Amino acid sequence: MMRETTANGLRIVYREEGPPDAPLMVLLHGRTANHNDWNGIIQHFARRHHVLAPDLRGHGDSAYPGTYALPDMAGDVAALLDGRRAVVVGHSLGAMVAFHLAMRHPELVERLVLEDPGAPLPMTGRAAPVRDDSTGFDWEMVFQTERQFVDPDPAWAEGLTRLSVPALVLSGGPSSQIRAEPVAELIPGAQLVTIDVGHLIHRDARAAFLEAVEEFLDA
């Protein structure tokens, strides 16, 4: 079921599935995607979780405010949770929003699953995004988040070293353009699982993705 709410003064649209009294789970999509990126995944987790899958600001049917600081995007998710504690699963940009949520609001995060996250460390040699005719997201979001990927606030890496939430980092392996391993190295006690299918693990190796996440949740 599709719903909408106001979070941080912004319209946030989200999909809601699963028993209302089940443990809460939030799924955060990658850059330029939306809640539909989790089709099939939502239904699986909704068997035993109350699942929320929002369109992040600048994506889908949520607001396009023109400002896209990662901590602010995490604040939107915190507002959506409204004090409730959840398992938080994020892919790519959504994974980075997820770890910002865990850093800023650890009381809201039961467990953290980060699928091929970008590390908050300076990057070199990364091609700048080029605007084309793609729609369904705000291009300003792409440019602003890219600057944060390439030149992140040094405090973000330090913040990861202070996390105490149980964390699973899924790496797409050498086939991915993202190196997720540094995130696992920064988070104390994080579990690293490599599934060498590239950046879109939940799409290209769904069974392996679900098995790794379920094993982590059951541990």
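Let us look at the structure shown here. What you see is a predicted model; the values in this text were computed from it and never measured. (Residues numbered from 1 in each chain as written. Predicted model: local features only at pLDDT ≥ 70, side-chain atom pairs only at ≥ 80, totals over all residues. Heavy atoms only, no water.)

Digging into the pairing of strand β1 (residues 2-7)
Walk down a regular strand and you will see the side chains alternate between the two sheet faces. Stated formally: At least two DSSP bridges between two strands are needed for those strands to be called paired. Only DSSP runs of H or I reaching four residues or more are called helices, and only runs of E reaching two or more are called strands; each is numbered from the N terminus.
The pairing of β1 with strand β2 (residues 10-17) spans six bridges and is antiparallel. Looking at the pairing, T6 lines up with R11 of β2. Hairpin geometry of β1 and β2 is characterised by an intervening segment of two residues between the two adjacent antiparallel strands and by a positive phi of about 55° at N8.

Focus: the side chain of S171
This is how the line gets drawn: Within 3.5 Å is the distance limit for a polar contact, defined as a pair of N or O atoms, with the added protein rule that one can donate a hydrogen and the other accept it, and that residues adjacent in sequence qualify only through two side-chain atoms. Residue contacts are defined here by distance: any two heavy atoms, one from each residue, within 4.5 Å place the two residues in contact.
Topologically, S171 is positioned in strand β7 (residues 167-171). Within polar-contact distance, the side chain of S171 engages the side chain of E181 at 3.0 Å. Not counting residues up to four positions away in its chain, the partners in contact with S171 are D116, A180, E181, L192, V193, T194, I195 and I201.

Observations regarding the pattern of salt bridges
The line we're drawing: Salt bridges are identified by distance alone: a Lys or Arg side-chain nitrogen within 4 Å of an Asp or Glu carboxyl oxygen. Buried residues are those whose accessible area, probed at 1.4 Å on protein chains only, stays under 20% of the maximum for their type, while exposed residues exceed 50% and partly exposed ones sit between those limits.
In this structure the tally under the stated criterion is 13 salt bridges. Note that E146 is salt-bridged to R31, the shortest N-O span being 2.9 Å. Of this pair, E146 sits in helix α4 (residues 139-150) while R31 sits in the loop between β3 (24-28) and α1 (41-45); the two residues are 115 residues apart in sequence, bridging distant segments of the chain. With relative accessibility at 6%, the residue E146 sits in the buried group. A salt bridge links R48 to D218, with the nearest nitrogen and oxygen atoms 3.0 Å apart. A residue pair is termed long-range when its members are at least 10 positions apart, and R48 in the loop between α1 and β4 (50-54) and D218 in helix α8 (residues 206-218) qualify at 170 residues. Residue R48 is classed as partly exposed on the basis of its relative accessible area, which comes to 38%. The exposed category is assigned to D218, whose relative accessible area is 53%. Connected through salt bridges with shared partners, the residues R31, R126 and E146 form a single ionic network.

Some details on the side chain of D76
Mapping D76 onto the fold places it in helix α2 (residues 70-81). Taking relative accessible area as the criterion, D76 reaches 5% and is therefore assigned buried. One polar contact links D76 to R57, side chain to side chain, over a distance of 2.6 Å. Apart from the residues within four sequence positions on either side, D76 is in contact with A7, N8, L10, I12 and R57.

Quick word on the packing of α2 against helix α3 (residues 93-104)
Quick note on the threshold: Orientation is described by lines fitted to C-alpha atoms, with helices fitted over the stretch in contact, and by angles between N-to-C directions that extend from 0 to 180 degrees. Convention used here: angles under 35 degrees read as roughly parallel, angles over 145 as roughly antiparallel, angles from 65 to 115 as roughly perpendicular, and any remaining angle as oblique. For this classification, Asp, Glu, Lys and Arg are treated as charged, while Ala, Val, Leu, Ile, Met, Phe, Trp, Tyr, Cys and Pro are nonpolar and the rest, including Gly, are polar.
One way to put it is that α2 packs onto α3 with a least axis distance of 8 Å and a crossing angle of 70°. Taken together, the axes of α2 and α3 are roughly perpendicular relative to one another. Where α2 approaches α3, its residues L70, P71, M73, A74, V77, A78 and L81 are matched on the opposing element by L93, M96, V97, H100, L101 and R104. Looking at the contact of α2 with α3, its residues break down into 11 nonpolar, one polar and one charged.

Fair warning: the whole summary comes from geometry, so function is off the table for now.
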